[in-house]
Amino acid sequence: FREPFHRENPRTQRDLKEAFTQNDTAARRGSMSWAARHGIRFAARGKSSITNTRTEIKEMMKGKDDKSGFQCDLATLKKFVPILTWLPNYDRAKSLRVDLIAGLVIAFMVIPQGMAYGMLAGMPVEYGLYSSMVPPLIYSIFGGAAHLSLGTNAPISILVADSVTAAIPTDTDCSDDPNSEDCQRILDATLLICLLSGFFYMLFMILRFSIITSFVPDPVLSGFTTGASMIIITSNTKHVFGVTTKRGMIWEVWQSIIEELPNTNWTAFAFFILSYMALLSIKEINRKYKAKMPVPIPEQLVVLVVCTGIVAAFNLDVPKVKDIPSGLRKPQLMNFDDINVLIQPALVCSIVTYILTFNVAKALGEKNGYEVDGDQEFIANSIAAVCGSLTGSYLPSGSFSRSALVGEITGKDGTPLHNVFSVLVVGLVVMFMTPLLYHMPKAIMASIIFVALKNMINIATARKLYKVSKQEWTLWMISFVSTTLLGVTYGILISIVASLGLLVKFQARPATRVMGLLGGEGGLTSKYGTVCLDVKEFSAARELYGIKIFKFEADLHFANKDWFDQKLRKMDERCQWDRLYAVIIDCSAINTIDLTCVKLLERIHRRYQEKNVKLLFANWKAQSMQKVFESSGLYETIGEENFFLKMRGALEVGLARARKRQYEEESRCMDEEDFEVEGQDFLGSSEHNRPMPHPIDSVL
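Draft legend 1. Examining the pairing of strand 7 (residues 582-586) more closely. Taken across its 5 residues, strand 7 has 5 buried, putting it largely inside the fold. Neither face of strand 7 is open: one carries Ala 582, Ile 584 and Asp 586, the other Val 583 and Ile 585, and all of them are buried. With 5 bridges connecting them, strand 6 (residues 547-552) and strand 7 associate as parallel partners. Opposite Lys 551, over in strand 7, you have Asp 586 as the bridge partner. The handedness of the strand 6 to strand 7 crossover, carried by helix 23 (residues 561-573), is right-handed. The pairing of strand 7 with strand 8 (residues 614-618) spans 5 bridges and is parallel. Along strand 8, the bridge assignment pairs Ile 585 with Phe 617.

Listed below in structure tokens is the structure:
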């Protein structure tokens, strides 16, 4: 078998049996077709049988058996294009209604959110709408999460904007003048980051790089999003007061805001306050009457329509969005002049975006009972990013709030078809309704962004981490401070490095424990088995006289070998007895040992041998380390009889060793000294010829 599979599967057992016991060629080829799709190779006894089987498989794969070959190709195609799996089995009675409702609701959310996040990404607002069309449509074809809403997202918007700002400094941005040369350069750079990220996704898939999600723990993501929220607040405060500020680091922007406060547009400020309060009020109504309403009120769309209508009716003097081009953006390549300085930002953006998107997709899958393949998500996001960059989309990512709403509306009957309905509505708005958005005030966009930030600021998480784990709290603080002060690009890089540093620390300095037997020596005969616990944490765990049990809580390799030896020596130095008879190393947490540590174990064995101390290994994983030990000759050096699969065997040998050593010491003392009590020999005295209490028994 090339890959593990479910042996308990009745189909597996039946097909294997047919393939090897029946003489019917069609049945055998059908079984081999199924086996080939599941990564199973057949091999029969005898050279001729193996040759025949291989020949049949080759013929099948070459297409001589057209039916079997077509089945293999279709199965492979379905794996990489999931729409071929769910669309033919689409249940219109169950799924069509919920998908349609979810698509309409998400479209009403995406229209104001897309424009707000497009502005947040440093682009004209229409590019946020472009980003909400092609990427979700592509994801519905290639994506594996049925409930994911791909498109614009606040953290990724600020990540992209900050990456472009750091790589290409300009005096103005698109919110100041959408027709300026600076804005055109920003647009090209933003779209180029999206294109490069698509290529990076495909490279990550080829290299099986989905493991990167494991190196960014939750505290880092929490600190990163909180720091990004501070940057978002800073970059959008100018729209709250209706002023123009300079671009730069966070302290430079705030300095510019303070200088411009005398020029505040109080009408824009009033619109921001009223719209912010209205958004929070409608959200509270949705939460309170959630069970009584078939669908939630689209608060962002309601506030946008009302405020835009008021500004248009009274022709108020506030900063407006003004002209938005009608129609879809024609596919075209961007300018590649700045590609050299954008490769590193694109790499960072692709890693962060994939981590956030995959975590959202994984959470949706766990909630709704399906698995999300990390490699398939690379493919879906890669195609969505490449196609989106050509049609005006900046880097798309999964939105947790919109995806969670899709999950609530559709439940387990939902499919990716909701993305299609959402795209159709957004497309209609882009093609026919953009002139109605001319009077939309930018302060409304700022209020929508500020309300969305409530779920991104995680100060409560930091307080909880401080009480639970200082190390994770340190990671949160490093991520938050570095992101806030240095920007999201350097912030996430520093955070990942800090996470890797903590991981290296755990591997190089793992926990070590001195173990004791629950119930003392009587624990060896307990019906619950031999239970060893840390003597510092559990008072019921007793150490056996003359026997030390040492546990190392990690694999043993070159990075922690010195730590292992150091802690073992310290345990010996702190031994509370005059005599040490045996040392047992608990290997339950040690799964691998490299050749460097084999030499260390040989030195430790010689050291204990010189002290006449027995070195034993318990809970030994023989299969995973057998090759290294046989090739290095460690079994011959230490003795294969000193390795035990269970703790009980090592304890019994250690106790026997302790008793034997004690008996020898007592006998030697009696031979060397002449004990007499009232003229009688000690051994002959009726009073003293009683068994001496064993030190181990006194422990009980």
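Next comes the rest of the description.
Draft legend 2. Spatial organisation of empty space enclosed by the protein. Across all of its chains, the model carries 2 cavities of 30 Å³ or more by this definition. What the largest cavity holds in volume is close to 40 Å³. In this structure, the largest cavity is lined by Ile 106, Val 110, Ser 132, Pro 136, Ser 149, Leu 150, Gly 151, Thr 152, Arg 402, Asn 419 and Ser 422. A breakdown of the residues in the lining of the largest cavity according to their chemical character gives 4 nonpolar, 6 polar and 1 charged. Leu 556, Phe 564, Ile 585, Cys 587, Ile 590, Ile 593, Leu 601, Phe 617 and Trp 620 together form the lining of the second largest cavity. Each residue belonging to the lining of the second largest cavity can be placed in one class, and the counts come to 9 nonpolar, no polar and no charged.

Draft legend 3. Quick look at the packing of helix 6 (residues 92-120) against helix 18 (residues 417-433). Between helix 6 and helix 18, whose axes approach to 7 Å, the crossing angle comes to 40 degrees. Classified by the angle their axes make, helix 6 and helix 18 are oblique. Between helix 6 and helix 18 the crossing geometry is right-handed. Judged by residue contacts, Leu 96, Asp 99, Leu 100, Ala 102, Gly 103, Leu 104, Ile 106, Ala 107, Val 110 and Ile 111 of helix 6 engage Leu 417, His 418, Phe 421, Ser 422, Val 425, Val 426 and Val 429 from helix 18.

Conventions adopted
Residues numbered from 1 in each chain as written. Predicted model: local features only at pLDDT ≥ 70, side-chain atom pairs only at ≥ 80, totals over all residues. Heavy atoms only, no water. Buried < 20%, exposed > 50% of the residue type's maximum accessible area, 1.4 Å probe, protein only. Helix = DSSP H or I, 4+ residues; strand = E, 2+ residues; numbered from the N terminus. Pairing = 2+ DSSP bridges. Right-handed = clockwise from strand over helix to strand, strands pointing away. 1 Å grid on protein atoms, 1.4 Å probe; cavity = no way out; pocket = protein on both sides within 12 Å on 5 of 7 lines; lining within 4 Å. Points joined across faces, edges and corners; volume = space filled by probe spheres on them. Nonpolar A, V, L, I, M, F, W, Y, C, P; charged D, E, K, R; others polar. Axes fitted to C-alpha atoms, helices over the stretch in contact; angles between N-to-C directions. Parallel < 35°, antiparallel > 145°, perpendicular 65-115°, else oblique. Left-handed = near helix turned anticlockwise from the far one by under 90°. Contact = heavy atoms within 4.5 Å.

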